[in-house]
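Structural overview
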Amino acid sequence: MKQINAWLTILIAIILALPLLGVTQLGTVTEGILAWILVIVVLIVGILGLTKKK
């Protein structure tokens, strides 16, 4: 279950990054540097969730 949550977190990070990379159909949650910080933090959380071993 933790691995599914980690993959979903990475998917959310990708969806958040798309408007920053030029895909405008989705709209943006935030603007500027705060948007990039949010994407990076969510992506790191997802990657750490995948790499943790139980």
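Residues numbered from 1 in each chain as written. Predicted model: local features only at pLDDT ≥ 70, side-chain atom pairs only at ≥ 80, totals over all residues. Heavy atoms only, no water.

1. Quick word on the overall build of the protein chain
When you go through the protein chain residue by residue, the secondary structure sums to two helices and zero strands. Among the 54 residues that make up the protein chain, the fraction classed as buried is 17%. A separation of at least 24 residues holds for 56% of the contacts in the protein chain among residues at least 6 apart in sequence. Carbon together with sulfur atoms contributes 74% to the accessible area of the protein chain, which is approximately 4,300 Å² in total. (Helix = DSSP H or I, 4+ residues; strand = E, 2+ residues; numbered from the N terminus. Buried < 20%, exposed > 50% of the residue type's maximum accessible area, 1.4 Å probe, protein only. Contact = heavy atoms within 4.5 Å. Areas by Shrake-Rupley, 256 points an atom, 1.4 Å probe, with all protein chains shown as cover.)

2. Quick look at the packing of helix 1 (residues 2-17) against helix 2 (residues 32-51)
With their axes 8 Å apart at the nearest point, helix 1 and helix 2 run at an angle of 160° to one another. With respect to helix 2, the element helix 1 is oriented roughly antiparallel. The handedness of the crossing between helix 1 and helix 2 comes out as left-handed. Note on element contacts: helix 2 touches helix 1 through Leu38, Val39, Val42, Leu43, Val45, Gly46, Ile47, Gly49 and Leu50, opposite Gln3, Ala6, Trp7, Thr9, Ile10, Ile12, Ala13, Leu16 and Ala17. Split by residue class, the contact of helix 1 with helix 2 holds 14 nonpolar, four polar and no charged. (Axes fitted to C-alpha atoms, helices over the stretch in contact; angles between N-to-C directions. Parallel < 35°, antiparallel > 145°, perpendicular 65-115°, else oblique. Left-handed = near helix turned anticlockwise from the far one by under 90°. Nonpolar A, V, L, I, M, F, W, Y, C, P; charged D, E, K, R; others polar.)

3. Looking at a nonpolar patch on the surface
Judged by side-chain polarity, Leu21, Ile33, Leu34, Trp36, Ile37, Ile40, Val41, Ile44, Val45 and Leu48 come together as a nonpolar surface patch covering roughly 980 Å² of accessible area. For Trp36, the position within the fold is in helix 2. (Patch = residues over 30% accessible without salt bridge, like charges linked within 9 Å, V, L, I, M, F, W, Y side chains within 5 Å. Salt bridge = Lys/Arg side-chain N within 4 Å of Asp/Glu carboxyl O.)

4. A word on helix 2
Compared with the 28 Å implied by 1.5 Å per residue over 20 residues, the 29 Å span of helix 2 between its first and last C-alpha is a close match. Every buried residue belonging to helix 2 is among Ala35, Val39, Val42 and Gly46, and all of these are buried. In an axial view of helix 2, the angular spread of the buried residues amounts to 70°, which keeps them on one side of the axis. Exposed and facing more than 90 degrees away from the buried side of helix 2 are Ile33, Leu34 and Thr51. (Expected span 1.5 Å × (residues − 1). Arc of directions from axis to C-beta.)

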